[in-house]
Amino acid sequence: MEEEEHEVYGGEIPDVEGDMDPHSADIDMSAADDDAVKELDEMKKRLKEMEEEAAALREMQAKVEKEMGADQDPATAAANQANREEADCRSVFVGN
């Protein structure tokens, strides 16, 4: 093989095709695969829990918005405004 020069480092690119023997590797790939599968399963479990929590939060938010919308009928809103104005008239504001 013709020697090539690496474009970033300017050095020779070593021929490593024959240097790696998969049977003499120090890494146990089956253990790494098992760990990856376990980690993936844990991530899927956490994702499912987060999706369930998000759904519960959406339900709670919809319930609160519905309740707040019911409180905003014109008669209730007018009464609340009148109560606020009356309270403001009785309040004493002490400024700086």
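Thresholds applied
Residues numbered from 1 in each chain as written. Predicted model: local features only at pLDDT ≥ 70, side-chain atom pairs only at ≥ 80, totals over all residues. Heavy atoms only, no water. Helix = DSSP H or I, 4+ residues; strand = E, 2+ residues; numbered from the N terminus. Buried < 20%, exposed > 50% of the residue type's maximum accessible area, 1.4 Å probe, protein only. Areas by Shrake-Rupley, 256 points an atom, 1.4 Å probe, with all protein chains shown as cover. Patch = residues over 30% accessible without salt bridge, like charges linked within 9 Å, V, L, I, M, F, W, Y side chains within 5 Å. Salt bridge = Lys/Arg side-chain N within 4 Å of Asp/Glu carboxyl O. Lys, Arg positive; Asp, Glu negative; His and termini not counted. Charge placed at Lys NZ, Arg CZ, Asp CG, Glu CD.

> What am I meant to see in the overall build of the protein here?
Helix and strand counts for the protein stand at two helices and zero strands. A total of 96 residues make up the protein; the buried ones form 0% of that total. Put simply, the protein shows about 9500 Å² of open surface, and 54% of that area lies on carbon and sulfur atoms.

> What exactly am I supposed to notice about a negative patch on the surface here?
A cluster of like negative charges, contributed by Asp33, Asp34, Asp35, Glu39, Asp41 and Glu42, occupies part of the molecular surface. Positionally, Asp34 belongs in helix α1 (residues 29-71). A relative accessible area of 45% places Asp34 in the partly exposed class.

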